[in-house]
Amino acid sequence: MIPFNKPYLTGQEYELIEKAFSKGKFSGNGYFTDKCHRFFKDHFGLSNCFLTNSATSALEMASLLCNITKEDEVIIPSYTFVSTATPFALRGARIVFCDSEPTSPNIDVLQLEQLITPKTKAIVIVHYAGLACDMDAIMEIANRHEIFVIEDAAHSIASLYKDKFLGTYGHFAAFSFHETKNISSGQGGMLVINDQSMINRAEKIWIKGTNQLDMQRGIIDKYEWVDLGSNFYPSEITAALLFAQLQKIEFIQKKRKTIWNTYYEQLHHLEIKEKISLPIIKDYQSNNYHIFYILCTSISERNNLIDFLKQNNVLAVFHYSALHSSPYIQEKSTNKFELPNADRYSETLLRLPLFVELELNLVTKITSLISSFYESI
Ligand SMILES: *Cc1c(COP(=O)(O)O)cnc(C)c1O
């Protein structure tokens, strides 16, 4: 069976984890956490980084920093992972769902502005498949209405909007290092803060709502509870694992690029015949090869293709079920959302296997299977 994903180990993980042990302090916020923070700054211009246990917890930090309450509305795309919503729902906010663009799962900027009310406090956008949302347009709208922008950059490591890396545009950005992402520490994430005035508070929220960092700096001699917070930071063992992966990021990205491009070239003929649609890369986007997806013409066709591939030992998977139709929202909300594009991506999007060790002859096997599927219908 060709799996959908296979986590990649660089080989250096064990060595660096041992080094973390040898430092004698591995609860977190130590040597490897610093190394990771510096790496993100040097390579991607991400200035104020806080490693977290997951992207979900990074978004929970952002939600606390925005002082989200039950009086607030937060706009998110419906076609996304549940973690884009829950950190804000946890603070009591009303989640307002926006549709995707006609041409990509990214948020529809034209609809976004219509959803803003005096209660809107934040917008969370998702760069689906690491392909950037139109950040100039989004920041212009948000600044005009004085609303926070949070980039859910879970897919978006090493990807650009125009000439700057994703994670540098919003007031906040959350990255994920879950095992399904390009760079992984099993579980892991990071909050990036671009609003300088928030950093002081973020340091407290990160470490259980205490001023422990000020004690480490020698500014105070005992630390106290000073704010809301939680235990958001990962152990040094997780940070060492992440740092080992970061050392190989160029290799990882190069491998993924070759696989992605091979899929594209070998499936392009089906797009010309209007059997499927392939991802569109806009002028302002770069590709970080996080996801290779195709769009089928209907849910039944997509599900038949999944079954056909499975019979031939290939695991391809669909992605999100639009959140506006989730059981939780259906039960809680009296609002009816009509989001045809989000529904369409829920029903027709199919992701193909993409991982570092996927050999190109297997990619060719997969594309041949897809071609033969479309010849037979
Ligand atoms: C993976 C993912 C998350 C959650 O990441 P965790 O690190 O598992 O918490 C959030 N948003 C999106 C869009 C994701 O794909």
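Let me sum up the structure you'll find in this document. (Residues numbered from 1 in each chain as written. Predicted model: local features only at pLDDT ≥ 70, side-chain atom pairs only at ≥ 80, totals over all residues. Heavy atoms only, no water.)

### A short note on the overall build of the protein chain
Check the secondary structure of the protein chain and you find 14 helices and eleven strands. Against the compact-globule benchmark of 21 Å for 377 residues, the protein chain has a radius of gyration of 21 Å, which places it among compact chains. A principal-axis box enclosing the C-alpha atoms of the protein chain has dimensions of 75 × 55 × 40 Å. Relative to all contacts within the protein chain whose residues are 6 or more apart in sequence, the contacts with residues 24 or more apart total 71%. A total accessible area of about 16,700 Å² is found for the protein chain, and carbon and sulfur atoms account for 52% of it. The positive charge centre, built from 36 side chains, and the negative charge centre, built from 42, are 4 Å apart in the protein chain. (Helix = DSSP H or I, 4+ residues; strand = E, 2+ residues; numbered from the N terminus. Rg over C-alpha atoms; globule rule 2.2 N^0.38 Å. Contact = heavy atoms within 4.5 Å. Areas by Shrake-Rupley, 256 points an atom, 1.4 Å probe, with all protein chains shown as cover. Lys, Arg positive; Asp, Glu negative; His and termini not counted. Charge placed at Lys NZ, Arg CZ, Asp CG, Glu CD.)

### Some details on the pattern of salt bridges
Close approach of charged atoms lets side chains of opposite charge pair. Inspection of the entire model under this criterion finds 13 salt bridges. The closest approach of N and O atoms between K6 and E357, which form a salt bridge, is 2.9 Å. Of this pair, K6 sits in the segment before α1 (13–22) while E357 sits in the loop between β11 (349–351) and α14 (360–376), and the two are 351 residues apart along the sequence. A residue is classified by how much of its surface remains accessible, and E357, at 44% relative accessible area, is partly exposed. Where R217 meets D214, a salt bridge forms, and the shortest distance between an N and an O atom there is 3.2 Å. Of the residues examined, R217 reaches a relative accessible area of 46% and is grouped as partly exposed. Linked by salt bridges that have partners in common, E203, K204, D214 and R217 make up one network. (Salt bridge = Lys/Arg side-chain N within 4 Å of Asp/Glu carboxyl O. Buried < 20%, exposed > 50% of the residue type's maximum accessible area, 1.4 Å probe, protein only.)

### A closer look at the side chain of D214
Mapping D214 onto the fold places it in helix α8 (residues 212–216). Once you skip the residues sitting within four places of it in the chain, D214 turns out to touch K204, I219 and I220.

None of the figures reported here should be taken as evidence of function without further support.
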